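Each chain is listed here by its residues.
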Amino acid sequence: MLPPFWDYRREYDELRDEILAAVDRVFTSGKLILGPEGIAFERDMAAYVGVKGAVGVNSGTDAIYIALAAAGVGAGDEVITVPNTAVPTVSAIQVLGARPVFVDIRDDDFLMDVGQIEAAITPRTRAIVAVHLYGQCVDLDPLLEIARRHGLKVIEDCAQSQGARYRNRRCGSIGTAATFSFYPTKLLGGYGDGGMVVSGDEAVVDLARSLRFYGMEQTYYAERHGYNSRLDEVQAAILSLKLPRIDGWINRRRDIADRYRRGLADSGLRLPKENDYGRHVYHLFVVETSGDRDATLARIEARGLKCSVQYRWPIHLMRGYQDLGYREGQFPVAERNARQIFSLPVYPHLRDDEIDEVIEAVRAAI
Ligand SMILES: Cc1ncc(COP(=O)(O)O)c(C=O)c1O
């Protein structure tokens, strides 16, 4: 049987007793928001990533917004990022009143082309959001060097790359601050929405903690303009029991990726490039076709396999972002990528025989 593109229910079957016990523990504790489960999970995530502190928030989108604000970015500032990301990377910048400024991506790994950053810097630039897309890190050393020279903050968007490494450091431990999403499909997925800001800078952590809590430091007294964005106790308890398993799940994802590589080596598809400076965790296994992508997808679907496209439209060409003033042709690599790529199913509970069936269906359709 061909597997669904993604499904959490096999994981739930495996963890059901532990999850229900965790939910019951929270419900009987008398504390539903900002309690011991959240504190314990923040401590464990900070230790996992290798940073001083972590602040649980309501989503990965909020995490970006709050991390930028905590790093001192505000209305009227410019923030450099890429157009081939999930919309939330950019909407978080916009919600802050800052202006997203795009640079193109590299043709081989589809990550930010760091060589284009300097040309995009203006006197208003305050930060770079480096999106570690698909499970692999942006080349951070040259990016950090540019940021240092120009006095820019660096936010790592780790929504798709929890556990990935850049030169032996975990992603999220390298920039000014980093953000995670616990949306259910993510490498560490909750059973609802959730996100986190982490930082090695205690001042950034403290500010993020206040910003997620109406700008308060003590109850009913606002020190600054804030917001409400908190990871609830139920999600924190579930994420805590999943966190110790994530490295095993990443190994399984990498095994699945290897199986795809072997099975699709001579298929004519371009397979994901792994950079030797880091460790890919395969949130997504993204392939590129040289032909008509949508016709290929239709043939694959006719065989019973539903693939996905991350992402079909680069953000600068979306109606909702026309106000940024970009035109078609300005980011040719991101535009071509959006036309040619699609993603194969990859999640730890897929079986080898299912991967083999995916490979067979894709090869037959090509
Ligand atoms: C790269 C990236 N950034 C940010 C987000 C936002 O995370 P969330 O859906 O938890 O708000 C996502 C997830 O959709 C993402 O893939």
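Rules of the game
- Residues numbered from 1 in each chain as written.
- Predicted model: local features only at pLDDT ≥ 70, side-chain atom pairs only at ≥ 80, totals over all residues.
- Heavy atoms only, no water.
- Buried < 20%, exposed > 50% of the residue type's maximum accessible area, 1.4 Å probe, protein only.
- Helix = DSSP H or I, 4+ residues; strand = E, 2+ residues; numbered from the N terminus.
- Pairing = 2+ DSSP bridges.
- Salt bridge = Lys/Arg side-chain N within 4 Å of Asp/Glu carboxyl O.
- Patch = residues over 30% accessible without salt bridge, like charges linked within 9 Å, V, L, I, M, F, W, Y side chains within 5 Å.
- Areas by Shrake-Rupley, 256 points an atom, 1.4 Å probe, with all protein chains shown as cover.
- Phe/Tyr/Trp six-rings, centres within 6.5 Å; stacked < 30°, edge-to-face > 60°.
- Lys NZ or Arg CZ within 6 Å of the ring centre and 35° of its normal.
- Axes fitted to C-alpha atoms, helices over the stretch in contact; angles between N-to-C directions.
- Contact = heavy atoms within 4.5 Å.

Peer 1: Please explain the pairing of strand 8 (residues 177–181) as it appears in this structure.
Peer 2: Consecutive side chains along a regular strand alternate between the two faces of the sheet. A large share of strand 8 lies buried, amounting to five of its five residues. One ladder, built from three bridges, connects strand 5 (residues 153–157) with strand 8; its direction is parallel. From the neighbouring strand, Asp 157 faces strand 8, where its bridge partner is Thr 179. Relative to strand 9 (residues 195–199), strand 8 runs antiparallel, the two being bridged by four bridges. Bridge pairing links Ala 178 to Val 198 in strand 9.

Peer 1: Please explain the pattern of salt bridges as it appears in this structure.
Peer 2: Oppositely charged side chains can pair when the atoms bearing their charge come close. Summed over all chains, the structure comprises 32 salt bridges. Between Arg 149 and Glu 118 there is a salt bridge, with the nearest N and O atoms lying 2.6 Å from each other. Taken as a pair, Arg 149 in helix 6 (residues 140–150) and Glu 118 in helix 5 (residues 117–120) lie far apart in primary sequence, 31 residues in all. Residue classification places Arg 149 among the partly exposed positions, given a relative accessible area of 46%. The partner of Arg 149 in a salt bridge is Glu 145, with the nearest N and O atoms 3.2 Å apart. Of this pair, Arg 149 and Glu 145 both sit in helix 6, four residues apart, which is roughly one turn of that helix. Looking at Glu 145, the relative accessible area reads 33%, which means it is partly exposed. Several salt bridges converge on common partners, so that one network encompasses Arg 10, Arg 351, Asp 353 and Glu 354.

Peer 1: Even after reading the chapter, I still don't get a nonpolar patch on the surface, so can you show me in this structure?
Peer 2: Taken together, the side chains of Phe 27, Leu 32, Ile 33 and Leu 34 make up a nonpolar region of the molecular surface, amounting to roughly 370 Å² of accessible area. Topologically, Phe 27 is positioned in helix 1 (residues 9–29).

Peer 1: Any chance you could explain the packing of aromatic side chains here in plain terms?
Peer 2: The geometry of an aromatic ring pair comes down to the distance between the two centres and the angle between the two planes. Under the counting rule described, the total for this entry stands at 12 aromatic pairs. For the pair Phe 102 and Tyr 326, a centre-to-centre distance of 5.3 Å together with 35° between the ring planes defines the contact as tilted. Here Phe 102 is found in strand 3 (residues 99–102), whereas its partner Tyr 326 is found in the loop between helix 10 (293–302) and helix 11 (332–340), with 224 residues between them in sequence. Like Tyr 326, Phe 102 is buried. An angle of 70° between the planes, with centres 5.2 Å apart, marks the rings of Tyr 326 and Phe 331 as edge-to-face. Here the aromatic residues Trp 6, Tyr 8, Tyr 12 and Tyr 191 are joined through ring pairs into a cluster of three or more. Cation over ring: Arg 170 sits above Tyr 48, and NZ or CZ is 3.8 Å from the ring centre.

Peer 1: How should the sheet that holds strand 3 be read in this particular structure?
Peer 2: Read across the open sheet, the seven strands follow the order 1-9-8-5-4-2-3; overall the sheet is mixed. The sheet is open, and its two edges are formed by strand 1 (53–57) and strand 3, each paired on a single side. This sheet shows a mean twist of 25° between the axes of neighbouring strands, independent of strand direction. Where strand 1 lies against strand 9, five bridges are found, and the strand directions are antiparallel. Each bridged residue has a counterpart across the sheet, and for Ala 54 the counterpart in strand 9 is Val 198. The sheet strands contacting helix 4 (residues 87–95) are strand 2 (78–81), strand 3, strand 4 (125–131) and strand 5, and the helix crosses strand 3 at an angle near 140°.

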